Each structure stands twice: as C-alpha cells, then as structure tokens.
Amino acid sequence: MININLRTFLPGSRVMLRSNLSYSFVTVFCIFSLFVTNTAHADQVVVYSARIEQLIKPMFDAFTQETGIKVKYTTDNEGALLARLQAEGKNTPADMLITADAGNLWAAAQAGLLKPVKSEILESNIPAHLRDPANEWFGLSIRARTLIYNTRKVKLSELSTYEDLADPKWKNRLCLRTSKKVYNQSLVAMMIAEHGEAEAEKIVRGWVANLATDPLSDDTRALEFVAAGKCDVTLVNTYYFGRLMKKEPDLPLAVFWPNQNNSGVHVNISGAGITRYGRNEQAAVKLLEFLSSDKAQNLFADVNMEYPANPRIEADAFVAAWGSFKQNPMNLVRAGELQTTAVKLMDRAGYR
Ligand code: FE
C-alpha cells in the first residue's frame, strides 16, 4: 500500500531511492502509529464495555462535558473482551474494563488484566463489600437477585428466605434460570461462603427437587413462567422484573425481599477496573471516580433499573417503589473466589 503510494508520488525516481524512501516512510509511519495508539493522552480514555452502548454513553457524555476528556469505547460480551485484553497484553489500547457481575471482574483481576487504584473518592463513594479488597475493581451499580412470586398463587406468609425454597412445600412450584449463568454461580458461591459447602449443596439439591420445569434460558423467561402460573416463584435480578412490568404492568407478579432477618438480599454489581497496561491511567481513574459520583450514579443505575452503588444516591422512583431492603454485606470477592466450587456443586446437585 505504502509502496504504491510512493510510486504514485515519485513517478520518475530511481528504484533505489524509491525503496529507501519507502523504508523511511514505513519507519516514520510505524513510529507515528505507535505514538497514536500507545502514548498517553491526557484528554482521552479508551473503555472496553460489556454494558451496551445505551447504558454507558449518557455517563461518558456527561464526563466529557465536565472534563473535556473524550471517551472512546468498544462494547462486546465479557468473554470476548477478556480474551481480547489478554491477547493484546501490553499493547492494549484499553484503559478501563466495564462489566457486570463481580465474578467477571474477579476473573479479569485473576488473569492479571487489572491494576489496583488507590482513590479516596472511590473508597468514600463505594461501600467496602462492593469493591475488591485489593482495589482492582469497583462496583458502580447494584443488582439485587431476589424472589419474584405469583400474587395469585403464593401467600406472602409462605415466603421467607433463599434457603426456604429448598423446603418440600415448594415442590413443583419453583422455576430457576440455568446454572450456566454467572448470576446463579455468584449466588451459590455466596451461599457457600455463608453456610459452607455441604449445607449449600443440600439447599441447591432442595431447589432442584422443587423445580416445576427444567432450568430456563434467562430471567425474563423465568418471570413469564411465573406470570403464566407454570410455577409460583423464581429468583431473578430485579431489573428484568422492572423491564417486564413496564411492558405489562398487570402481570400477577411481585417482589419479595428474602433473608431480611439474617444475611440479607444477595446483591451483585456492574462495575469497572483500570487495565494493567492502559496508557491513560490518570484520565481513566478520573472517569472511574466520576462514575462513582453523585452526578453519574443516578444515570448509571437508572438506565438499567439497578440500584446506585453509592449509598448517598436514591434509586429511581419506579425502582424505589419495590421497597427498601437489607443487602448481604459480605464482600463480593467471595463470589469470584468460590465460583469454580459453586459450578462443581451445582453440577453434583443436578442443577443444569
Ligand atoms: Fe442481566
């Protein structure tokens, strides 16, 4: 390509000159490319995001407006982004990784793709259980994985805890999403952290024994099954409930907050970390701090009907109407550490 261009520009020159020139042109071009892609830009941050564009762009625009720092982003699923970060290694253009679920952020940290950030702003804005103890990732919004029940088929007095869904009284009344989804792996991992492996396995076996149908492909499908009366209760992230109820407000579904007298509701996060080899660390930390701030927290949580991670910020009115609840305060790093154990446990228990 470059040779062709040189020939075009130097039609009468000798072959030797042409080739020398093309070498120097190539060298200059390469140095220039290195400069463009691998040099720090105080006024730019590159983000790899597993959150889709419509969930991140409003915050990035607000950040650019406030700071003048541009945000470039690529969206893809978390597996693809982690593989890409790993393959790019030291040459990655990415400064920040945004993804859902502490299990995914933990995996990125384990793979050496993230770098610790010491920031008083982040420490003050994000509660300790929602961030990595080694400061490699920070929760930015909370997703509550809770019980949703059919209001025509379940008496409120029947509901109490996640563990209780293993009781024979729920035989043929429970629907669950597949155990392949990281959300359920994290939930079971946190149950292992709390009860130990043997007790957690007993609970999961109880759930499986109570299933009304094979595990379902996603949370929305599980909600539709409950709404249709094919089962009475399920376990989902509340934003799926929110999306469905916005479309069909008359469905006989309601939220129940379990474990309010003991461990609290299982929460997980959407969050972010700074990449180990990013070139624009200062600007990236500024963006991360901005995302934890009052200004961005409403946007970050509200666009997906999640809860702000920053406890000083209130949830959107539609979400707040589901009631307040006590969260499980155990650090989410446990969801990552026990993820493999959880997957094996669910397999043994016959939870597909
Ligand atoms: Fe989700």
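Residues numbered from 1 in each chain as written. Predicted model: local features only at pLDDT ≥ 70, side-chain atom pairs only at ≥ 80, totals over all residues.

Some points on helix H12 (residues 294–302)
So, point 1. The set of residues buried in H12 consists of Ala 296, Gln 297, Phe 300 and Ala 301. Within H12, the buried residues cover an arc of 120° as seen down the axis, which keeps them to one side.
So, point 2. Contact partners of the buried residues in H12: helix H3 (53–67), strand E5 (138–150), helix H11 (281–292) and strand E10 (307–308). (Buried ≥ 20, exposed ≤ 12 C-beta atoms within 10 Å, placed from the backbone. Helix = DSSP H or I, 4+ residues; strand = E, 2+ residues; numbered from the N terminus. Arc of directions from axis to C-beta. Contact = placed C-beta atoms within 7 Å.)

Digging into the confidence of the model for the chain
So, point 1. Mean pLDDT over the chain stands at 90; residues scoring 70 or higher make up 89%.
So, point 2. A low-confidence stretch, residues 1–37 (pLDDT under 50), is modelled with 14 contacts involving residues beyond four sequence positions or located in other chains. (pLDDT = per-residue confidence, 0-100.)

Looking at the environment of Ala 94
So, point 1. Locating Ala 94 in the fold gives a position in the loop between helix H4 (78–88) and strand E3 (96–100).
So, point 2. Among the residues examined, Ala 94 registers 25 C-beta atoms within 10 Å and is labelled buried.
So, point 3. Remark: the alpha-carbon pair of Ala 94 and Val 46, spanning 48 residues in sequence, is separated by 4.9 Å.
So, point 4. Beyond its immediate chain neighbours, meaning those up to four positions away, Ala 94 contacts Val 46, Val 47, Tyr 48, Leu 85, Thr 275 and Gly 278.

Here's the deal with the nonpolar core
So, point 1. Core analysis: the biggest nonpolar cluster contains 98 residues, and Met 96, Leu 97, Val 226 and Leu 288 have the highest contact counts within it.
So, point 2. In terms of residue count, the dominant contributor to this core is E5 (seven residues).
So, point 3. Built from parts of two domains, this core gets at least three residues from each of domain 1 (44–142 + 269–315) and domain 2 (143–266 + 337–348).
So, point 4. The contacts of Met 96, once residues within four sequence positions are left out, are Val 45, Val 47, Ala 272, Ile 274, Thr 275, Gly 278, Ala 284, Leu 287 and Leu 288. (Core = buried A, V, L, I, M, F, W, Y, C linked by C-beta atoms within 7 Å. Domains from an automatic or database assignment.)

Quick look at the environment of Asp 95
So, point 1. Note on placement: Asp 95 falls in the loop between H4 and E3.
So, point 2. Taking C-alpha positions, Asp 95 is 6.1 Å from Asn 280, a pair spaced 185 residues apart along the chain.
So, point 3. Those residues within four positions of Asp 95 in sequence are excluded, and the remaining contacts are Val 45, Val 46, Val 47, Ile 274, Thr 275, Gly 278, Arg 279, Asn 280, Glu 281 and Ala 284.

Some thoughts on unusual backbone geometry
So, point 1. The phi dihedral of Asn 172 falls on the positive side, at around 60°, and the residue is not glycine.
So, point 2. Mapped onto the elements of the fold, Asn 172 is located in the loop between E5 and strand E6 (174–175).
So, point 3. Here Asn 172 falls in the exposed class, since 12 other C-beta atoms lie within 10 Å of it.
So, point 4. Positive phi outside glycine occurs at Met 305, with the angle close to 55°.
So, point 5. The exposure class of Met 305 is buried, given the 22 C-beta atoms found within 10 Å.

Some points on H4
So, point 1. Buried within H4 are the following residues: Glu 78, Leu 81, Leu 82 and Leu 85. Across the axial projection of H4, the buried residues extend over an arc of 100°, all falling on one side. The exposed residues of H4 that point more than 90 degrees off its buried face are Gly 79 and Ala 87.
So, point 2. Buried residues belonging to H4 abut strand E1 (44–49), E3, helix H5 (102–110) and strand E9 (266–275).

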